[in-house]
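Report on the structure
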Amino acid sequence: MAKGKFDFAIDRGGTFTDVFARLPDGREKVLKLLSHDPQNYQDAPTEGIRRVLEEETGLAFPREQPVDTSLIGWIRMGTTVATNALLERRGERTALLVTKGFKDLLHIGTQARPKLFDLEVAVPEVLYEEVIEVDERVVLRQDGCQLPRKEPKRIVTGSTGDSLEVWREVDMQRVEEDLRGVLSRGITSLAVLLLHSYTWSDHEKAVGSLARKLGFTQVSLSSEVMPMVRVVPRGYTVCADAYLTPKIRQYLEGFTSGFRDGLKDVSVLFMQSDGGLTPMEQFCGSRAVLSGPAGGVVGYAVTSYDPAQKKPVIGFDMGGTSTDVSRYAGQFEHVFEAATAGVTLQAPQLDINTVAAGGGSRLFFRSGMFVVGPESAGAHPGPACYRKGGPLTVTDANLALGRLLPAFFPRIFGPGEDQPLSSDDTMKCFRQLTQEINDFHSTTDGSRDLADGSEPEMSVEEVAMGFIRVANEAMCRPIRALTQAKGHDTSQHVLACFGGAGGQHACAIARALGMKTVFIHKYSGVLSAYGLALADVVEEVQEPCSLQYCPGSFSELDRRVEQLTQRCTETLRGRGFSGAQITTEVFLHLRYQKTDCALMVTAAGYPGNSQSCRSGDFCSAFTERYRKEFGFTISDRPIMVDDIRVRGSGKSGIKSVTHTKRGLDVPKTTKCYFEDGYLETSVYLCEDLPCDHSISGPAIIIDKNSTILVEPSCVAQLTEGGDVCISVGSDPYCLLGTELNTVQLSIFSHRFMSIAEQMGRVLQRTSISTNIKERLDFSCAVFGPDGGLVSNAPHIPVHLGAMQETVQYQVFRRGVSGPVFFVASRGHHADIGGITPGSMPPHSTSLQQEGAVFTSFKLVTAGVFQEEAVTEALMAPAQYPDCSGTRNLHDNLSDLRAQVAANQRGSALVGELIDSYGLAVVQAYMGHIQSNAELAVRDMLKDFARRRRQKTGSLDVEAEDFMDDGTPIRLRVQVNEKEGSAVFDFTGTGTEVWGNCNAPRAITFSALIYCLRCMVGQDIPLNQGCLAPIRVIIPDGSILQPSQDAAVVGGNVLTSQRVVDVIFRAFEVCAASQGCMNNVTFGSEGSGYYETVAGGAGAGPEWNGRSGVHSHMTNTRITDPEILEKRYPVVLEQFSLRPNSGGAGKHRGGDGVIRKLLFRNKVVLSILTERRSTRPYGLHGGESGASGLNLLHRADGRVLNLGAKTTVNLEPGDVFCLYTPGGGGYGEKDERAAGNGAPVKKRSQNEVTDVFGNTSRLL
């Protein structure tokens, strides 16, 4: 701090702006004010600085005049300007310039839909307004490439050391014409994204230079914003940079204009997403999205972590609409690819997990369950207690329990913003909700379906407490994901709580997670601002690389590390730091060869030796980190270096001043509601507490910006620095019984779902194949003692019913006696033998031709993995004519071990639940959760039957659709309105086929359970209970119940989609989606590649179908184009939407995609597709979507229609062109339906529309 000057650290949030000021005499001052108050000031940070200067100096600093900066030393800021612009889509009008053939690449993205059961497929729109395609192409050179091409224009060397061929140069004249056209339409921000520019950027630089000369005010090049391989996340990142940076610049211009000379002589630094400060001039959109939360992470990391004890800390930042959690164990934990507001950013960011549960999260009672969020009351109208007619929220629940005291809140509520919090409004709403809950429990259906007898009536306080407990469990889930799912013991952490609402929940959350200590800093209410004052100035440089980490590469790695380190150091010296203040840290982005899971590794703690780089022993650091993260290493695989990164830090953070106080005023008392009812609770003002004073709970500690609840059996102590440290005691309350408790029902639902999610994370982390690790083609679930599905993570729908049938088959076949529970995982192994590479043969006619068959095989016996026996089984298909055993045994065995690890994790976590609650209780709640799902389905069927009867007088519905070979899938549904049950009768469905589109019975159940969950429309547990009201009739010998040895590979990936189409057609839910997974496999005997490809989604009563997305029974990702071309002998010539392939209608069906693959070597191509002769149906007058088409362009000029299913030998130069089906339209087309269909009706936040198009208001 400059002598005699004021220093400011300011966090400008969406609602409040927090100011921390260090005064010239060393004192500290904090201030909180509204971020938007145009009646009183234009800019909140400027106003905060002005107020502090005026109050502390006694001088006048008029608002209408620029602030005199002579008394200001430095200013540090974190801001949500970029985040809010991204969330609200209020960035700069932007154009995207991209390699020809890829104009829709960022619309398609990974092709996965964000919410599995959302038929609308609501996805935030892309950030750019226009697209310019550039007819340029650069490809990586490949050894052994056999393409019969002319010589490339030139051969160049990329920054990674890779050799590339320039096939087409940029036509700068054409680009200039296109850019001038964009400028003429008022767009001045440009994002440039060319394939493989991460390693060779000359084309991007040439285009960027031209754009700047033409007058574009913002030009963002992907090769400069983040030069990392993977064009899709790099594309999102460069678009975000172009979209947000001008808005940041506008804000900075407005901010600096409020000061004399525009802050010319003042050091102004901004917090980046990675937790480091950067000069105002360098602050850009792609690094700004987590600017606000990052300050809080730095704040708790510096103040809560003890380097001597080395006890890791969980940061818990609970705000109004969401809660952020993060972890610190001596180093900041970064991720380099994360999604914010639907945009995946490829940039260094602190690893912050967000859950939609905050003080403003709304409270619902749905089908017998307490539900918190994700909807939020927002700032307006806000919670019910804000006196603006808002809904019940978590804040209201705390107020109802006496945990918030209106007397200590400012009078800023109500229409005139001059009233206190209203307990009356809160209690009135809670009484209404409590009556609704008690009415539900007293009804015959409610008590019969969910319990042996009626549940006792609940009081208002019990209801409010129930919602608090459910909210706490929701916030525990991301903490478990940060700890347990990564191999850390959650209980061995300190919970560092900050944010305005967190102090009311900290003790309960720590207790639920087994933590013994809660730390709340004295500035917890403004910790993000305080963290800015503690942070370092950071400079990062990064370059891509393609070297193997081995002695032969060490000298080149050392040379490049030295260059980057020098660049970092020189930049920091230029910002005024001395050599003693500068530290640098080297990171290598490492992965095993032929895997896609790279880790950004530091060699801290692993000094260099004769067998390593000078910067450290990265091999040992990587293998140890890999073993800890994934539980194994791959000793026979070379380690590859993808990127080299150097992070330089200029130490400049302040040190906190300790304040002590002596003496204690007599505390006030109030009554708060806890598990034991109302208890006398002491109330303390934090500013009145002396250091080292202990406070036994229950107690409330209030400071200016937060309220801290010290629960019974907890003890709080004030430290010398004025911080609150709480020792958390064990839960003293009685054990839970087996009878239904609706609050516990919601909590167990979260716990079971969390277990399945953690199993999935373990499986993804420990697997090795692209299919499981990158495409996420797997599922994990928990099952009850009868093998019935209890809870699954939102993975792949087609697996769900099949997993239950499989588990139950093992139970009854093997005669398991007295099972307690089951966990299971299912993964798509890319090859298990058979007649074609990839084990997806288009023309298989028997099960044996599709690879290894397991009826019941014990993989682990007495703790020993049966490698020899399973290897024999995987190689067994070779005994059949024209068949081979598995072509990738190593990956099979590794993935099986990963599945075992996932199951062990799930088993251990269920075991922990049993240890906590007892076996009888856990099994009882497995049953209760299934019954709850049953109730939700019954309610949906009753509602459907009522509307159907009123409309047609009949309760029967039926539908039919056809496979491409003409086989009918026929369904008749008879609904019982009184019981809320239904009979699904597939009589009339075609017979088993001589092919592989036969679908085992379990596939039909998977499709049925998926459809029921979508039609329920609520976030209910997906489990066996959904099928309890359903009786299914499937004729033996049909395509839906074939013989035991029938070929079935197509049934899983194709027929399953048709069953969904038929069910939705019968219920008139939506038009048909593409009805296919578009399975493409190519390879040779040595290796293979498999992908499924997106298409168009069907339109519905209130929505247009999404284009270029996976629908219904699958949700796997697609390999990034740059990774595809780097690993396989193929060039992706085009991947874009297929125009006008979606059916027209009032709401238009989504378009399919066009995908063109040029093959560089000889391969065997197999395609397994549907909807090539039939079209996805439209509904209620909507037109059908276009059917798909598979074409092969031979190198000699011939064009062949391959049909729906075939295997063909390809020669170098052949191009496979895949045209996927579009979705059907909904409703008769009218004039408004031109283009993208009728505008979708905007709903208020208090309205909800179900999949049948019925809109209702929420209470």
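What counts, and where the lines are drawn
Residues numbered from 1 in each chain as written. Predicted model: local features only at pLDDT ≥ 70, side-chain atom pairs only at ≥ 80, totals over all residues. Heavy atoms only, no water. pLDDT = per-residue confidence, 0-100. Helix = DSSP H or I, 4+ residues; strand = E, 2+ residues; numbered from the N terminus. Contact = heavy atoms within 4.5 Å. Axes fitted to C-alpha atoms, helices over the stretch in contact; angles between N-to-C directions. Parallel < 35°, antiparallel > 145°, perpendicular 65-115°, else oblique. Left-handed = near helix turned anticlockwise from the far one by under 90°. Nonpolar A, V, L, I, M, F, W, Y, C, P; charged D, E, K, R; others polar. Pairing = 2+ DSSP bridges. Polar contact = N/O pair within 3.5 Å; in protein donor to acceptor, adjacent residues only side chain to side chain. Salt bridge = Lys/Arg side-chain N within 4 Å of Asp/Glu carboxyl O. Buried < 20%, exposed > 50% of the residue type's maximum accessible area, 1.4 Å probe, protein only. Phe/Tyr/Trp six-rings, centres within 6.5 Å; stacked < 30°, edge-to-face > 60°. Lys NZ or Arg CZ within 6 Å of the ring centre and 35° of its normal.

1. Some thoughts on the confidence of the model for the protein
- Averaged over every residue, the pLDDT of the protein is 86; the share at 70 or more is 93%.
- When mean pLDDT is compared element by element in the protein, strand 53 (residues 1215–1219) scores highest at 98, while strand 55 (residues 1255–1257) scores lowest at 43.
- Note that pLDDT drops below 50 for residues 444–453; the model gives that stretch 18 contacts with residues more than four away or on any other chain.
- Per-residue pLDDT stays below 50 along residues 1232–1249; that stretch engages in 44 contacts with residues further than four places along the chain or on separate chains.

2. A few points about the packing of helix 22 (residues 919–952) against helix 23 (residues 1001–1016)
- Where helix 22 contacts helix 23, the two axes come as close as 9 Å, and the packing angle between them is 70 degrees. Judged on the interaxial angle alone, helix 23 and helix 22 are roughly perpendicular. Regarding helix 22 and helix 23, the two cross each other, and that crossing is left-handed. Taking contact as the criterion, the partners of Ala936, Val937 and Met940 in helix 22 are, on helix 23, Leu1012, Met1015 and Val1016.
- Considered class by class, the residues forming the contact of helix 22 with helix 23 number six nonpolar, no polar and no charged.

3. Concerning the sheet that holds strand 30 (residues 677–685)
- Strands sit in the order 29-30-32-33 across an open sheet of four strands; the sheet is mixed. Taken across any chain shown, the strands that pair with only one partner, and hence form the sheet edges, are strand 29 (668–674) and strand 33 (707–710). This sheet shows a mean twist of 30 degrees between the axes of neighbouring strands, independent of strand direction.
- Direction of pairing for strand 29 relative to strand 30: antiparallel, over a ladder of seven bridges. By the bridge assignment, cysteine 672 is partnered in strand 30 with leucine 679.

4. Here we look at the side chain of asparagine 1079
- Positionally, asparagine 1079 belongs in strand 45 (residues 1079–1083).
- Side chain to side chain, asparagine 1079 and tyrosine 1090 meet in a polar contact 2.6 Å long.
- Within the structure, asparagine 1079 has its side chain in polar contact with the backbone oxygen of leucine 1168 (distance 3.0 Å).
- Residue contacts for asparagine 1079: discarding those within four places in its chain leaves Met840, Val1053, Leu1054, Tyr1090, Glu1091, Thr1092, Ser1166, Ile1167, Leu1168 and Thr1169.

5. Thoughts on the sheet that holds strand 52 (residues 1205–1210)
- Here four strands make up an open sheet; going across it, the order is 46-45-49-52 and the pairing antiparallel. This sheet does not close on itself; its edge strands, each paired only once, are strand 46 (1088–1092) and strand 52. Strand-to-strand, the axes of this sheet are offset by a mean angle of 15 degrees, without reference to chain direction.

6. Quick look at the pattern of salt bridges
- Here the structure, examined in full by the defined rule, presents 60 salt bridges.
- When the shortest N-O distance is used, the salt bridge between glutamate 711 and arginine 511 registers 3.2 Å. Residue glutamate 711 is found in the loop between strand 33 and strand 34 (714–718), and its partner arginine 511 is found in helix 13 (residues 506–512); the two are separated by 200 residues along the sequence. An identical accessibility class is assigned to glutamate 711 and arginine 511; each is buried.
- Between glutamate 1170 and arginine 1058 there is a salt bridge, with its nearest N and O atoms 3.2 Å apart. Of the two residues, glutamate 1170 is situated in the loop between strand 49 (1163–1168) and strand 50 (1189–1193) and arginine 1058 in helix 24 (residues 1049–1067); the sequence distance between them amounts to 112 residues.
- Judged by its relative accessible area of 0%, arginine 1058 is buried.
- Taken together, the shared-partner salt bridges connect Asp961, Arg1058, Asp1061, Glu1170, Arg1171 and Lys1205 into one network.

7. Quick word on the packing of aromatic side chains
- What the rule picks out here adds up to 31 aromatic pairs.
- Between phenylalanine 854 and phenylalanine 857, the ring centres sit 5.6 Å apart and the planes meet at 75 degrees, which makes this aromatic pair edge-to-face.
- Over the face of the ring belonging to phenylalanine 364 we find arginine 366, whose NZ or CZ atom lies 4.1 Å from the ring centre.
- Taking NZ or CZ as reference, arginine 1065 lies 4.3 Å from the ring centre of tyrosine 1177, over its face.

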